[in-house]
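Read off the chains here:
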Amino acid sequence: LRLLMPVTATAYALHFVGEEMNRVYGMLEGMLRRDPKALTSKDGLEFLAEVHAATAGLKAVVAAASANGIETCRKLCGGHGYSALSGLPTMAVDYLSAVTLEGTEQVLSLQTARRLLKVLSRASKSG
């Protein structure tokens, strides 16, 4: 139980982060429906850069957390974790490749870090 609770808590946290990202995506869609050129303004481009940085970082975190969570659950199940009846082998095939397919964690994290450094630099210049 001590090892399973962090995995469960992470799953819930990522679920709610996903809901928030769906809300933000809906905002982007709404902006584009109202005005197809809305994202070409300075504010629109800034918002798009924020969304890109957030989604790149989240992809890295979610892919790694999913892979680690599945592996933790498999280990906690012992030999049953390899059984098709547990569902873990199928999840492992589906999600473990996401760490590579979504871009490596380092590449996605660097995209987010680059954005954060840009914002930090701008903030320090403005006082």
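Our subject in this report is the structure included herewith. Since the model is a prediction, treat every value here as computed from it, not as a measurement.

Moving on, we come to the pattern of salt bridges. All told, the structure shown has five salt bridges when counted by the stated rule. Linking Glu 71 and Arg 74 is a salt bridge whose minimum nitrogen-to-oxygen distance equals 2.4 Å. Remark: Arg 74 and Glu 71 occur in helix α2 (residues 42-76); sequence separation between them is three residues, near one turn of the helix. Using a relative accessible area of 27% as the deciding quantity, one classes Glu 71 as partly exposed. Judged by its relative accessible area of 16%, Arg 74 is buried. Here the salt bridges do not stand alone but share partners, grouping Glu 46, Glu 50, Arg 115 and Arg 122 into one network.

On to the nonpolar core, then. Among the nonpolar cores identified, the biggest contains six residues, and these are Val 24, Leu 28, Met 31, Ala 38, Leu 39 and Val 51. For this core, the leading source of residues is helix α1 (residues 4-34), giving three residues. With residues up to four places along the chain from it excluded, the contact list for Met 31 reads Ala 38, Leu 39 and Phe 47.

What follows deals with a nonpolar patch on the surface. Taken together, Leu 3, Leu 4 and Leu 76 make up a surface patch of nonpolar side chains, about 240 Å² in accessible area. Mapped onto the elements of the fold, Leu 76 is located in helix α2.

On to the packing of α2 against helix α5 (residues 105-125). For the pair α2 and α5, the least separation of the axes is 8 Å and the interaxial angle reads 145 degrees. Classified by chirality, the crossing of α5 by α2 is left-handed. Counted together, Glu 46, Ala 49, Glu 50, His 52, Ala 53, Ala 56, Gly 57, Lys 59, Ala 60 and Ala 64 of α2 and Glu 105, Leu 108, Ser 109, Gln 111, Thr 112, Arg 115, Val 119 and Arg 122 of α5 form the full contact between these two elements. The class makeup of the residues in the contact of α2 with α5 is seven nonpolar, five polar and six charged.

Looking now at the layout of surface pockets. In this structure, the largest pocket spans a volume of roughly 550 Å³. Going through the elements one at a time, α1, α2 and α3 (88-96) are the ones with two or more residues in the lining of the largest pocket. Of the residues forming the lining of the largest pocket, the biggest block, eleven residues, is contributed by α1. Of the residues belonging to the lining of the largest pocket, the class tally is 14 nonpolar, seven polar and one charged.

Let us now look at the packing of α1 against α2. Axis separation between α1 and α2 bottoms out at 10 Å; the angle between their running directions is 155 degrees. Our classification of the angle between α1 and α2 gives roughly antiparallel. Our pair here, α1 against α2, has a crossing hand that is left-handed. Class assignment for the residues of the contact of α1 with α2 results in 19 nonpolar, four polar and no charged.

So, how was this worked out
Residues numbered from 1 in each chain as written. Predicted model: local features only at pLDDT ≥ 70, side-chain atom pairs only at ≥ 80, totals over all residues. Heavy atoms only, no water. Salt bridge = Lys/Arg side-chain N within 4 Å of Asp/Glu carboxyl O. Helix = DSSP H or I, 4+ residues; strand = E, 2+ residues; numbered from the N terminus. Buried < 20%, exposed > 50% of the residue type's maximum accessible area, 1.4 Å probe, protein only. Core = buried A, V, L, I, M, F, W, Y, C linked by side-chain atoms within 4.5 Å. Contact = heavy atoms within 4.5 Å. Patch = residues over 30% accessible without salt bridge, like charges linked within 9 Å, V, L, I, M, F, W, Y side chains within 5 Å. Areas by Shrake-Rupley, 256 points an atom, 1.4 Å probe, with all protein chains shown as cover. Axes fitted to C-alpha atoms, helices over the stretch in contact; angles between N-to-C directions. Left-handed = near helix turned anticlockwise from the far one by under 90°. Nonpolar A, V, L, I, M, F, W, Y, C, P; charged D, E, K, R; others polar. 1 Å grid on protein atoms, 1.4 Å probe; cavity = no way out; pocket = protein on both sides within 12 Å on 5 of 7 lines; lining within 4 Å. Points joined across faces, edges and corners; volume = space filled by probe spheres on them. Parallel < 35°, antiparallel > 145°, perpendicular 65-115°, else oblique.

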